[in-house]
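Examining the three-dimensional arrangement
Single-letter residue listing:
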Amino acid sequence: MGVSTGPASGEPPVPAHDALEDYALSDEAGGESVQTDDPFFVSKQAAAVFKHKLLKVYFPKFAGKAGSNEPDRRLVYVDTHAGRGSYDDGTPGSPLLIAQNVAGMTQRQIDCLFVEARRSNHQHLKALLEREMPPTAVWDALHGAASEHLNHALSFAADSPLFMFIDPYGLGPTFPEVTRILNRPRRGFGSKTEVLLNFISGAFARAGGYLRMNTLTPQRLKTLEHLDEVLNGPWWRDAYLSVDVPSAAVKQIAAEYARRVGNATGCRSTLIPVKNRAHHVPLYWLVHFTKHQDGVWWMREAASQASAEWRRYCSPPPATDDDTLFALEDPFPGEELTRQQQWIDHIESNARRVLDRAKVINVPVDAEELYGEALGLAWSKHLRQGLARLYDDGLLQPKPLAKDLDKYVGVAPPAGP
Ligand SMILES: C[S@@+](CC[C@H](N)C(=O)[O-])C[C@H]1O[C@@H](n2cnc3c(N)ncnc32)[C@H](O)[C@@H]1O
């Protein structure tokens, strides 16, 4: 890919490793017919529907919260692997989604930096943003490799809250780069630095598979060394070889990677598996790092809403049957209602167990246990309805409300006289 059109003079070189090997490792473009010179952007796959809905729900929450007590109301979005900005059919990619936020969130100044290594993608991106960004917006779209623009990205962010989306095809940034971003010094209250990182399962599985080969090309050896840099040492090699199924090995490695980044930065992490179909193994894991409790809560909300959008995308409404002139019934809304009732039942039974044991339900502490198997599927509406059943039965006080549900603490009412 990108390197076949070499860099123009004066522009930063695109390392063959990032641009070529990463793409070869990725499954992201699988199955697409090639109409443009980058098959990823022909049309959106189900996994990208999930990823973009997550960003669309989460980023405004971050912007609203993190920008609220900044004197200049400025915050920064950096997209290190920005792509073309939109798909060939006009569907927004991450840059266009954010451009729509910049236009819509007039209470905040959202300054943006986009980086894209592939020349044709960069040209498309820049032209698109010139059309779509509001005239007063502060933004730039840089051509080149993400790592070469990292210093600039951090000085662009300066002391403002920063949300960085790292969405490579392949192995992505090194461990020191990720921890440097999350540990950036900032004058102001709180860290207000978050990263959403796409940990591409196929790329890690395929590169890990090189460990089982007897002879390796120099390119593959380089990929393994790069994996050591991405994961901060060779610890992952034993982890990979000790598990037979690549997707299970990647799951373990992603979890351990998140734990190590957390240790090095003081961040909490959320790992979200993203699939193209329910029966597939994850195409990638989205890993979110934040130091703020609200970030964990809102990321969980966003993931659940993204999963609803993803289910709809995987079960599109039946086409109208022209012969009968009747629209065939769409089973999806009914199925969705049944699923939601099951989540509420499940949350209710978890809540009864927590209350029996602890005599208190403390949502900030107990949220994971309360959601249980509905974690990543149900969202706060279902949590509130599950808790409300205990309130209605006279077992819990006060009444759980939608507002501030993330801070809710309820106890059994005192026994009557
Ligand atoms: C998964 S796509 C990005 C999709 C985009 N974030 C979105 O959601 O619409 C990955 C992009 O990263 C670009 N890329 C590959 N290596 C890169 C690097 N080292 N630095 C910056 N961009 C890179 C590719 O050309 C490709 O456009």
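Keep in mind that this is a model prediction, so the values were computed, not measured.

Moving on, we get to the sheet that holds strand S2 (residues 109-116). Pairing between the strands of a sheet comes from backbone hydrogen bonds, and it takes one of two forms, parallel or antiparallel. Spatial strand order, S3-S2-S1-S4-S5-S7-S6: seven strands in an open sheet with mixed pairing. Of all the strands in the sheet, the pair left with one neighbour each is strand S3 (139-143) and strand S6 (268-274). Put simply, the sheet's adjacent strands are angled 15° from each other on average, direction ignored. Looking at chain direction, S2 and S3 are connected through five bridges and run parallel. Following the sheet pairing, Leu 113 is matched in S3 by Asp 140. Here helix H4 (residues 119-132) sits on the sheet and contacts S2 and S3; the angle it forms with S3, its principal contact strand, is near 165°. Its contacts with the sheet place helix H6 (residues 175-182) against strand S4 (162-166), strand S5 (193-200) and strand S7 (284-290), and it is angled at close to 155° to S5.

Let's shift gears to the packing of aromatic side chains. With the rule as written, the count across this model stands at twelve aromatic pairs. Aromatic side chains Phe 62 and Phe 163 sit 5.5 Å apart centroid to centroid with 50° between the ring planes, which places their arrangement in the tilted category. Residue Phe 62 is located in helix H2 (residues 46-66), and its partner Phe 163 is located in strand S4; the two are separated by 101 residues in the primary sequence. Pair check on accessibility: Phe 62 and Phe 163 agree, each one buried. Through a chain of ring-to-ring contacts, the aromatic side chains of Tyr 58, Phe 59, Phe 62, Tyr 77, Phe 114 and Phe 163 assemble into a single cluster. Over the face of the ring belonging to Trp 298 we find Lys 61, whose NZ or CZ atom lies 4.1 Å from the ring centre. Residue placement shows Arg 74 over the ring face of Phe 156; its charged tip is 5.5 Å from the ring centre.

Take empty space enclosed by the protein next. If you walk through the whole model with that rule in mind, you get one cavity of 30 Å³ or more. The volume enclosed by the largest cavity comes to roughly 40 Å³. Along its surface, the largest cavity is lined by Leu 171, Gly 172, Pro 173, Leu 197, Asn 198, Phe 199, Phe 204, Val 230 and Tyr 257. Counting residues per element, the lining of the largest cavity draws most heavily on S5, which supplies three residues.

Moving on, we come to the packing of helix H13 (residues 363-371) against helix H14 (residues 380-392). For any two helices packed against each other, one specifies the crossing angle of their axes together with the interaxial distance. At a minimum axis separation of 12 Å, H13 and H14 run at an interaxial angle of 90°. Classed by the angle they form, the pair H13 and H14 counts as roughly perpendicular. Along its contact with H13, which presents Val 363, Leu 370 and Tyr 371, the element H14 presents Ser 380, Leu 383 and Leu 387. Considering only residue class, the contact of H13 with H14 consists of five nonpolar, one polar and no charged.

Bringing the confidence of the model for the protein chain into the picture now. Mean pLDDT for the protein chain: 88, with 88% of residues reaching 70 or above. Residue range residues 27-35 is modelled with pLDDT below 50. Its contacts to residues more than four positions away, or to other chains, number 23 contacts.

What follows is about the site of the ligand. Close contacts around the ligand come from 24 residues, with His 52, Ser 94, Glu 116, Ala 146 and Asp 167 the closest. Separating a nitrogen atom of the ligand from a backbone N or O atom of Ala 117 is a distance of 3.3 Å. Coverage of the ligand by the protein chains reaches 99% of its 600 Å² of free accessible surface. Partitioning the shell around the ligand into residue classes produces nine nonpolar, eight polar and seven charged.

Moving on: the side chain of Asn 276. Here Asn 276 shows up in the loop between S6 and S7. There is a polar contact of 2.8 Å between the side chain of Asn 276 and the backbone nitrogen of Ala 47. Excluding residues that lie within four positions of it along the chain, Asn 276 makes contacts with Gln 45, Ala 46, Ala 47, Leu 283, Trp 310 and Cys 314.

Reading the values: rules and limits
- Residues numbered from 1 in each chain as written.
- Predicted model: local features only at pLDDT ≥ 70, side-chain atom pairs only at ≥ 80, totals over all residues.
- Heavy atoms only, no water.
- Pairing = 2+ DSSP bridges.
- Helix = DSSP H or I, 4+ residues; strand = E, 2+ residues; numbered from the N terminus.
- Axes fitted to C-alpha atoms, helices over the stretch in contact; angles between N-to-C directions.
- Contact = heavy atoms within 4.5 Å.
- Phe/Tyr/Trp six-rings, centres within 6.5 Å; stacked < 30°, edge-to-face > 60°.
- Buried < 20%, exposed > 50% of the residue type's maximum accessible area, 1.4 Å probe, protein only.
- Lys NZ or Arg CZ within 6 Å of the ring centre and 35° of its normal.
- 1 Å grid on protein atoms, 1.4 Å probe; cavity = no way out; pocket = protein on both sides within 12 Å on 5 of 7 lines; lining within 4 Å.
- Points joined across faces, edges and corners; volume = space filled by probe spheres on them.
- Parallel < 35°, antiparallel > 145°, perpendicular 65-115°, else oblique.
- Nonpolar A, V, L, I, M, F, W, Y, C, P; charged D, E, K, R; others polar.
- pLDDT = per-residue confidence, 0-100.
- Near = heavy atom within 4 Å.
- Polar contact = N/O pair within 3.5 Å; in protein donor to acceptor, adjacent residues only side chain to side chain.
- Areas by Shrake-Rupley, 256 points an atom, 1.4 Å probe, with all protein chains shown as cover.

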